[in-house]
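Coordinate analysis (summary)
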Amino acid sequence: MTVALDSENDGSELAVDTETPETILMHRSSSQLVQRAIDDLPVHYRETLLLCEVEEMSYQEIAEILSIPIGTVMSRLARARKAVRESIVGDRIAPLSRDIAHPIGMR
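What you see is a predicted model, and the numbers here were worked out from it, not measured in a lab. (Residues numbered from 1 in each chain as written. Predicted model: local features only at pLDDT ≥ 70, side-chain atom pairs only at ≥ 80, totals over all residues. Heavy atoms only, no water.)

Another aspect to go through is a nonpolar patch on the surface. A cluster of nonpolar side chains, namely Y59, I70 and M74, defines an oily patch on the protein surface of about 240 Å² accessible area. Assignment of secondary structure puts I70 in helix α4 (residues 70-101). Taking the relative accessible area as the measure of exposure, I70 reaches 32% and is therefore partly exposed. (Patch = residues over 30% accessible without salt bridge, like charges linked within 9 Å, V, L, I, M, F, W, Y side chains within 5 Å. Areas by Shrake-Rupley, 256 points an atom, 1.4 Å probe, with all protein chains shown as cover. Salt bridge = Lys/Arg side-chain N within 4 Å of Asp/Glu carboxyl O. Helix = DSSP H or I, 4+ residues; strand = E, 2+ residues; numbered from the N terminus. Buried < 20%, exposed > 50% of the residue type's maximum accessible area, 1.4 Å probe, protein only.)

Under the defined criterion, the tally for this structure stands at two salt bridges. Residues R81 and E53 are paired through a salt bridge, measuring 2.4 Å at the closest nitrogen-oxygen approach. Within this pair, whereas R81 is found in helix α4, its partner E53 is found in helix α2 (residues 43-53), the two being separated by 28 residues in sequence. Residue R81 is classed as partly exposed on the basis of its relative accessible area, which comes to 30%. For E86, the salt bridge identified is with K82, shortest N-O distance 4.0 Å. With E86 and K82 both in helix α4, this residue pair falls four residues apart, about one helical turn. Judged by relative accessible area, which is 45%, K82 ranks as partly exposed.

Attention now goes to unusual backbone geometry. Excluding glycine, residues mostly carry a negative phi; peptide bonds, for their part, are mostly trans. Positive phi, normally seen in glycine, also occurs at E56, with a value near 55°. Mapped onto the secondary structure, E56 falls in the loop between α2 and α3 (59-66). The exposure class of E56 is exposed, given its relative accessible area of 67%. A positive phi is found at S67, a non-glycine position, where the angle reads about 55°. Residue position: S67 is located in the loop between α3 and α4.

Without other data, these values stay purely geometric and don't point to any function.
This is the structure we're talking about:
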């Protein structure tokens, strides 16, 4: 934990770093889930999603770069985002569903 006192004014301001090993691990785990979900997308969805979200291009710019209509850009983005969301939710629920399939007394 990082603690720093502000020597100016009355010294009552306190800066605290709230990162713990647990929060760092949870953040890394979430990042890995998202990255894996994006990597699993078909190429045409992945490239559209990355151009929009990472490169911060407009729909018009993406349409021009990929030589596709804007409607196709919007459709691919919607489908890519849905697939990523479903992949992440599925990965987080899957371990629980395996435990339910084998109740404690039945193992």
